[in-house]
Amino acid sequence: KHCPMTPLLWMQYAHDTEMLMMGLYLAESSSNESNPELSKNQEKSQARKSALESSTGILEMALSEFPGCALLHLYYLENLAENFYQIQLINKMSDQIGIVGVRDLVNQSSQLDKISKAFEVAVKNVGAG
C-alpha cells in the first residue's frame, strides 16, 4: 500500500530532519570539546554534512514512493550536490589547518558517482509517471 505522504510532505520532512540533526550535532560538538584543532567552521561543515546525509536518506525513500516527481528529483540532486560541496569544504579546511587523515577521497568519488547516477535516474523517470 502507498504512503499517504505527498512529495511536498516528504520534502518538508527531509528539510525538518536536516535542521534538527544539524542543531543536535552542533549542540553535541559545542558541549564536547574533544578535538580543539577543529575550527567552528569545520564543525559546522561536519554537522551540515551529517545532517544532509540524514535528509538524503529520507529523500531516497520518497523517490521510491514517487519516482516520477520532478521536484523530488531536483531536491534530491540539490542535497547530493550540497553534500559533495561540504566534503570539499571540509577537505580544504583540513588541508589549511594541517589535519592529517581527515581527507575522504573515497567518499568524494562515490559521491560524484551517486550524483551522476541520480541525474540519470531522474531523466529516465521524470515523465514516466
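The structure this text deals with has already been given above.
All figures in this text were calculated on a predicted structure; none of them were measured in a lab.

K.L.:
Help me understand the pattern of salt bridges in this model?
P.N.:
One side chain can pair with another of opposite charge once the charged atoms of both are near each other. Under the definition given, this model contains 4 salt bridges. Taking the shortest distance from any N to any O, the salt bridge between Glu53 and Lys49 comes out at 2.8 Å. Here Glu53 and its partner Lys49 are both found in helix H2 (residues 40-65), 4 residues apart, which amounts to about one turn of the helix. The exposure class of Glu53 is partly exposed, given its relative accessible area of 38%.

K.L.:
Could you clarify how one ought to interpret the packing of aromatic side chains in this entry?
P.N.:
In this description, a pair of aromatic rings is defined by centroid distance and the angle of the planes. Under the defined criterion, the tally for this structure stands at 1 aromatic pair. Residues Trp10 and Tyr13 carry aromatic rings whose centres are separated by 6.3 Å and whose planes lie at 55 degrees to one another, so their mutual orientation is tilted. Placement of both Trp10 and Tyr13 in helix H1 (residues 7-31) is noted, with a separation of 3 residues, approximately one turn of the helix. The buried category is assigned to Trp10, whose relative accessible area is 8%. Tyr13 gets classed as partly exposed once you look at its relative accessible area, which sits at 40%.

K.L.:
What am I meant to see in the side chain of His73 here?
P.N.:
Positionally, His73 belongs in helix H3 (residues 70-97). Overall, His73 belongs to the buried group, its relative accessible area being 4%. Setting aside residues up to four positions removed in sequence, His73 forms contacts with Leu63, Pro67, Val121, Ala122, Asn125 and Val126.

K.L.:
Just to check I follow, could you spell out the environment of Val121 for this structure?
P.N.:
Residue position: Val121 is located in helix H4 (residues 105-125). Spatially, the C-alpha atom of Val121 lies 8.8 Å from that of Pro67, the residues being 54 residues apart in sequence.

K.L.:
What should I look at first to understand the nonpolar core in this one?
P.N.:
Considering soluble globular proteins, one finds that nonpolar side chains tend to be buried as a cluster. One finds Met11, Ala14, Leu59, Leu72, Tyr75, Tyr76 and Ala118 to be the most contacted residues of the largest nonpolar core, which totals 15 residues. Secondary-structure elements contributing two or more residues to this core are H1, H2, H3 and H4. A per-element tally of this core places H3 first, with 5 residues. Beyond its immediate stretch of four places on either side in the chain, Ala14 contacts Ser55, Ile58, Leu59 and Tyr75.

The rules behind each value
Residues numbered from 1 in each chain as written. Predicted model: local features only at pLDDT ≥ 70, side-chain atom pairs only at ≥ 80, totals over all residues. Heavy atoms only, no water. Salt bridge = Lys/Arg side-chain N within 4 Å of Asp/Glu carboxyl O. Helix = DSSP H or I, 4+ residues; strand = E, 2+ residues; numbered from the N terminus. Buried < 20%, exposed > 50% of the residue type's maximum accessible area, 1.4 Å probe, protein only. Phe/Tyr/Trp six-rings, centres within 6.5 Å; stacked < 30°, edge-to-face > 60°. Contact = heavy atoms within 4.5 Å. Core = buried A, V, L, I, M, F, W, Y, C linked by side-chain atoms within 4.5 Å.

All quantities given are derived from atomic positions and should not be read as evidence of function.
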